[in-house]
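Summary of the model geometry
Listed below, chain by chain, are the residues.
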Amino acid sequence: MRRIFGLADWPDEVRAPVLALGTFDGVHLGHHRVIGLAVERARARGSPVAALTFEPHPLEVLRPGSEPVLLTTIEERLEQFETLGVDAALVLPFDDAFSKISAAAWLDDVLRGRLQAREIVAGSSYTFGFRREGTARRLEAWGRAADVPVHLVPAVLVGGEPVSSSRIRAALREGLVEDAARLLGRRYRLAGQVVRGEGRGRTIGVPTANLAPTPRKVVPAHGVYATVATLGGRRYGGATNIGTRPTFGGTVPSLETFLLDFEGECTGAPMALEFVRRVRDERAFPDAAALARQIADDVAAVRQLLRDG
């Protein structure tokens, strides 16, 4: 898959593509449907298929705040595009100036003028242009006038409700990682580097790998989770605690994983975690011995959950 960063680098050889439009954060089941139709249309007409996304996420520019919003880093998004059969991914830098592009300029100057779209696929709730003045229906009407077929894909429903990135974020912030996985079509994933912690786990016989994930990504709610870790090219079950370690009076959130059947040192290594299920809330224990007993129970529960699939 070709990766293109910015309109100025759009190659002339990617001619008359079928464009899949959206931000595509999460690349969830609804996004799969949009991209899948774009791939189908492109293959039918012998055209390349291109997916367009933004970096940073528009919400990080339009509604700046301290709470992370990302479900996928740009690298994770591009990997998902490639898996779904996209030929070219266009990553547009989103900033305040870009947010002020009018709907008409987006349609005429970008989609038709620069990208020379032959067909367009978007979700039925797609919006574009300054202050979201452009709607999916406007895109559809423009397509008819410009002789550019536009396909609007209805929302995918799970549990009777539309799949959306905001719904997935809400599930993760409540610790409902199984719900998030159903909406994503895969387990939610955090990746980063293993960093040195305070070493408290080792003192009670439960050494942990402390992950420093991408700062902009949503981290599930505090609690203990069954996870699957990828480390050094191998996969390990894990009991992951997200929280402040209240038993020891901690205040700074951390993400610590006891890796099942792992021996050795992993500080400094890259690691990825897939979240399987929440086991319990985080809570304070009367002393380190009580915490160690609870962790032993957590590990046994995790082993059983992972064994049961």
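Residues numbered from 1 in each chain as written. Predicted model: local features only at pLDDT ≥ 70, side-chain atom pairs only at ≥ 80, totals over all residues. Heavy atoms only, no water.

1. Some points on the side chain of Thr 53
- In this fold, Thr 53 is placed in strand 3 (residues 49-55).
- Reaching out from Thr 53, the side chain makes a polar contact with the side chain of Arg 77 at a distance of 2.9 Å.
- In contact with Thr 53, not counting residues within four places along its chain, are Gly 22, Thr 23, Ile 74, Arg 77, Phe 81, Leu 90, Val 91 and Leu 92. (Helix = DSSP H or I, 4+ residues; strand = E, 2+ residues; numbered from the N terminus. Polar contact = N/O pair within 3.5 Å; in protein donor to acceptor, adjacent residues only side chain to side chain. Contact = heavy atoms within 4.5 Å.)

2. Thoughts on helix 8 (residues 177-184)
- Those residues of helix 8 that sit buried are Val 177, Ala 180, Ala 181, Leu 183 and Leu 184. Along the axis of helix 8, the buried residues cluster in a sector spanning 165°; they form a single face.
- Where helix 8 is buried, its residues contact helix 1 (29-45), strand 9 (157-158), helix 7 (165-173), strand 13 (223-231) and strand 16 (270-280).
- Just downstream of helix 8 lies Gly 185, where phi reads positive at about 85°. (Buried < 20%, exposed > 50% of the residue type's maximum accessible area, 1.4 Å probe, protein only. Arc of directions from axis to C-beta.)

3. Comments concerning the environment of Glu 75
- Mapped onto the elements, Glu 75 comes out in helix 3 (residues 74-83).
- We classify Glu 75 as partly exposed; its relative accessible area is 37%.
- Each C-alpha atom, one on Glu 75 and one on Glu 274, is 16 Å from the other, the two residues being 199 residues apart in sequence.
- Looking at Glu 75, its side chain comes within polar contact range of the side chain of Arg 3, at 2.9 Å.

4. Things to note about the layout of surface pockets
- Taken as a whole, the largest pocket spans an internal volume of roughly 1300 Å³.
- Forming the walls of the largest pocket are 43 residues, and the residues nearest its centre are Thr 23, Ser 125, Tyr 126, Thr 127 and Arg 132.
- For the lining of the largest pocket, the per-class residue count stands at 20 nonpolar, 16 polar and seven charged. (1 Å grid on protein atoms, 1.4 Å probe; cavity = no way out; pocket = protein on both sides within 12 Å on 5 of 7 lines; lining within 4 Å. Points joined across faces, edges and corners; volume = space filled by probe spheres on them. Nonpolar A, V, L, I, M, F, W, Y, C, P; charged D, E, K, R; others polar.)

5. What about the packing of aromatic side chains?
- Summed over all chains, the structure comprises nine aromatic pairs.
- Their ring planes at 40° and their centres at 6.4 Å tell us that Phe 54 and Trp 106 sit as a pair that is tilted. Within this pair, whereas Phe 54 is found in strand 3, its partner Trp 106 is found in helix 5 (residues 103-114), the two being separated by 52 residues in sequence.
- Summarising the aromatic geometry, the rings of Tyr 225 and Phe 275 are spaced 5.4 Å apart at their centres and angled 90° between planes, so their arrangement reads as edge-to-face. Of the two residues, Tyr 225 sits in strand 13 while Phe 275 sits in strand 16, which places them 50 residues apart along the sequence.
- The rings of Phe 54, Phe 94, Phe 98 and Trp 106 are connected pair by pair, giving a single aromatic cluster. (Phe/Tyr/Trp six-rings, centres within 6.5 Å; stacked < 30°, edge-to-face > 60°.)

6. A word on the sheet that holds strand 5 (residues 119-123)
- Strand order in the open sheet made by the six strands is 1-4-3-2-5-8, with parallel pairing throughout. Each end of this open sheet is capped by a strand with a single partner; those strands are strand 1 (2-5) and strand 8 (150-153). Within the sheet, the average angular offset between the axes of one strand and its neighbour, ignoring direction, is 20°.
- Pairing analysis gives four bridges linking strand 2 (residues 18-21) to strand 5, with the strands arranged parallel. By the bridge assignment for strand 5, Ala 20 is matched with Val 121. (Pairing = 2+ DSSP bridges. Axes fitted to C-alpha atoms, helices over the stretch in contact; angles between N-to-C directions.)

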